[in-house]
Amino acid sequence: MTILITGGAGYIGSHCVKALVEQGADVAVIDNLSTGFQEAVTGGRLYVGDLRDRAFVHGVFARETIGAVVHFAAFSQVGESVKDPGKYYGNNIGGAAVLLDEMAASGVKNLVFSSTAAVYGEPEKTPIVENDPTLPTNPYGETKLAIEHMAACFERAYGIRCCALRYFNVAGASPDGSIGEAHDPETHLIPLVLQAALGARDSITIFGEDYPTPDGTCIRDYVHVCDLIDGHLKALAYLEQGGKSDAFNLGIGHGFSVREIIEAVKRVTGREFPVRSGARRAGDPSILIASGEKARRVLGWKPKHTEIDGIIADAWRWHKNKGHYSA
Ligand code: UFG
């Protein structure tokens, strides 16, 4: 049976394709290459097309014998989602609806879905557990939460079971340096700081130093992309063994401040660069830390990278040696 990976040409999806192919799985990929790169797809069969194109998606399901789906394909920039909500609702929700309809029509019952910590909005307490209130503060988080709810409706109607994996801050790259993070424009902290270390940007700006945290900068829970993908493989196995639909946080349960990340980048790269103080970025919660206890207990997930220096070292290898794709 084939595993279908949507968004397999993106940062996280490409690491999933690589891990599954290395495990010997048969993989098919759907990606419209709007933000992903063909070169990032290191195995499997790539179908270039849009999830909202029902005839195209139907054709892929007709051609392949799909046993399970891992759904990454989505727009994922919080700031852009606030400025252009229609783009996010149309693509993220529209694409998921077509995908779920095709799964139902083809009798595919297992779905692992790429959700986000953004479903929680501004958390009331830390660490965040899965049954904390879900009150997204931006359209990106709203679309991911809506898809979790949509999947529950498809379970009632067609018996499709879904693991929604709520990612915290995904970072790092494949340790062999072959694939990594390449967003355009880049908005995430670690790649931006690494670009400053490389001299590709003249400085890094800290967005707010007056948060209620020990050094005044925001704290995030950084999870290595390879550990995150291991969570997906565990979720696929769990569904295969008959596990019930559920949501799981994927985070290491420990946070680092923006200042700590900048210091770690200086340590790992041995490079100095200017650090500027800037205004808060609208909508940034001060602290986001996961309780990963449920994923550990139910899925048997055990992240290996709990030291930030190791996560940054893998990202640095990618950015220093390659850092982008040719197309
Ligand atoms: N930051 C800076 N300077 C920069 C860029 C970021 O200080 O140039 C700060 C941000 O303000 C934030 C922290 O670094 O405090 C991390 O920012 P990222 O943009 O790297 O990540 P976010 O925490 O904003 O976003 C992540 C995921 C989103 C998800 C969100 C949930 O990337 O997909 O968490 O809130 F929606």
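Each remark here, short or long, concerns the structure printed above.
Residues numbered from 1 in each chain as written. Predicted model: local features only at pLDDT ≥ 70, side-chain atom pairs only at ≥ 80, totals over all residues. Heavy atoms only, no water.

K.L.:
What is the right way to read the overall build of the protein from this model?
P.N.:
A count of helices and strands for the protein gives 10 helices and 14 strands. Relative to a compact globule of 327 residues, whose C-alpha radius of gyration would be 20 Å, the protein shows 19 Å and is just as compact. Overall, the C-alpha framework of the protein stretches about 55 × 40 × 40 Å when taken along its three principal axes. A burial count over the protein gives 56% of its 327 residues as buried. A separation of at least 24 residues holds for 77% of the contacts in the protein among residues at least 6 apart in sequence. Accessible area for the protein stands at about 13600 Å²; split by element, carbon and sulfur atoms hold 51% of it. (Helix = DSSP H or I, 4+ residues; strand = E, 2+ residues; numbered from the N terminus. Rg over C-alpha atoms; globule rule 2.2 N^0.38 Å. Buried < 20%, exposed > 50% of the residue type's maximum accessible area, 1.4 Å probe, protein only. Contact = heavy atoms within 4.5 Å. Areas by Shrake-Rupley, 256 points an atom, 1.4 Å probe, with all protein chains shown as cover.)

K.L.:
Teacher, can you tell me more about the site of the ligand here?
P.N.:
Neighbouring the ligand are 20 residues; Leu189, Thr205, Arg220, Arg281 and Asp284 lie closest to it. Take Phe207: an N or O atom from its main chain is 2.9 Å from an oxygen atom of the ligand. Contact with the protein chains hides 90% of the accessible area of the ligand, taken as 690 Å² for the molecule alone. If you list the elements that add at least two residues to the shell around the ligand, you get α6 (189–198) and β8 (204–207). It is β8 that provides the largest number of residues to the shell around the ligand, a total of 4 residues. Its residues assigned to classes, the shell around the ligand shows 12 nonpolar, 5 polar and 3 charged. (Near = heavy atom within 4 Å. Polar contact = N/O pair within 3.5 Å; in protein donor to acceptor, adjacent residues only side chain to side chain. Nonpolar A, V, L, I, M, F, W, Y, C, P; charged D, E, K, R; others polar.)

K.L.:
What exactly am I supposed to notice about the packing of helix α4 (residues 85–106) against helix α5 (residues 139–158) here?
P.N.:
Two quantities define a packed helix pair, namely the angle between the axes and the distance from one axis to the other. The contact between α4 and α5 brings their axes to 10 Å, and the two run at 20°. Here α4 is positioned roughly parallel relative to α5, judged by the angle of their axes. Seen from above, α4 lies across α5 with right-handed handedness. Across the interface between the two elements, Pro85, Tyr88, Tyr89, Asn92, Ile93, Ala96, Ala97, Leu100, Asp101 and Ala104 from α4 touch Pro139, Tyr140, Glu142, Thr143, Ala146, Ile147, Met150, Ala151, Phe154 and Tyr158 from α5. Here the contact of α4 with α5 is composed, by residue class, of 16 nonpolar, 2 polar and 2 charged. (Axes fitted to C-alpha atoms, helices over the stretch in contact; angles between N-to-C directions. Parallel < 35°, antiparallel > 145°, perpendicular 65-115°, else oblique. Left-handed = near helix turned anticlockwise from the far one by under 90°.)

K.L.:
Looking at this model, I keep getting lost on the sheet that holds strand β3 (residues 45–48). Mind explaining?
P.N.:
By definition, the strands of a sheet pair up through backbone hydrogen bonds, in either a parallel or an antiparallel sense. Taken together, the 7 strands give an open sheet; going across it, the order is β3-β2-β1-β4-β5-β6-β11, and neighbouring strands pair in parallel fashion. One side of each edge strand has no neighbouring strand; the edge strands of this open sheet are β3 and β11 (246–250). Here the strands of the sheet are splayed against their neighbours by 20° on average, with no regard to which way each runs. Judged from the 4 bridges that link them, strand β2 (residues 26–31) and β3 form a sheet pairing that is parallel. In the strand pairing of β3, Asp31 is matched with Val48. The sheet strands contacting helix α2 (residues 54–63) are β1 (2–6), β2, β3 and β4 (66–71), and the helix crosses β3 at an angle near 160°. (Pairing = 2+ DSSP bridges.)

K.L.:
Sorry if this is basic, but what is going on with the environment of Pro123 here?
P.N.:
Take Pro123: it is sitting in the loop between β5 (110–116) and α5. In sequence terms Pro123 and Leu288 are 165 residues apart; their C-alpha atoms lie 7.5 Å from each other. Setting aside chain neighbours within four positions, we find Pro123 in contact with Ile128, Pro285, Ile287 and Leu288.

K.L.:
Explanation requested: the nonpolar core in the structure shown.
P.N.:
Inside soluble globular proteins, nonpolar side chains tend to come together where they are buried. If you look at the biggest cluster of nonpolar residues, it comprises 59 residues, and the most contacted ones within it are Ile5, Ile12, Leu165 and Ile261. When neighbours within four sequence positions are excluded, Leu165 is seen to be in contact with Val112, Phe113, Ser114, Ser115, Thr116, Gly231, His232, Ala235, Phe248, Leu250 and Leu299. Leu51, Ala104, Ala151 and Ile160 belong to the second largest nonpolar core, which has 29 residues in total. (Core = buried A, V, L, I, M, F, W, Y, C linked by side-chain atoms within 4.5 Å.)

K.L.:
I keep staring at the pattern of salt bridges and nothing clicks. Help me out?
P.N.:
Think of it this way: side chains of opposite charge can pair up when their charged atoms draw near. In total, this model carries 21 salt bridges according to the counting rule given. In this structure, the salt-bridge partner of Glu148 is Arg166, at a minimum N-O distance of 2.6 Å. Of this pair, Glu148 sits in helix α5 while Arg166 sits in strand β6 (residues 161–167); the two residues are 18 residues apart in sequence, bridging distant segments of the chain. On the basis of relative accessible area, Glu148 is assigned to the buried category, the value being 11%. Through salt bridges with shared partners, one network takes in Lys18, Glu22 and Asp176. (Salt bridge = Lys/Arg side-chain N within 4 Å of Asp/Glu carboxyl O.)

K.L.:
Could you clarify how one ought to interpret α4 in this entry?
P.N.:
Given a rise of 1.5 Å per residue, 22 residues ought to cover 32 Å, and the 31 Å separating the end C-alpha atoms of α4 matches this to within 8%. Here α4 has its buried residues at Tyr88, Asn91, Asn92, Ile93, Gly95, Ala96, Val98, Leu99, Leu100, Glu102, Met103 and Ala104. Looking one or two residues beyond α4, the residue adopting positive phi is Gly107, at roughly 75°. (Expected span 1.5 Å × (residues − 1).)

K.L.:
Where do I start with the sheet that holds strand β14 (residues 287–288) in this structure?
P.N.:
Reading across the sheet, the 3 strands line up as β12-β9-β14 and stay open at both edges, with mixed pairing between neighbours. Every interior strand has two partners, whereas the edge strands, β12 (256–257) and β14, have only one. With 2 bridges joining them, strand β9 (residues 219–220) and β14 adopt parallel strand pairing. Residue Arg220 lies in a different strand from β14, and its bridge partner there is Leu288.

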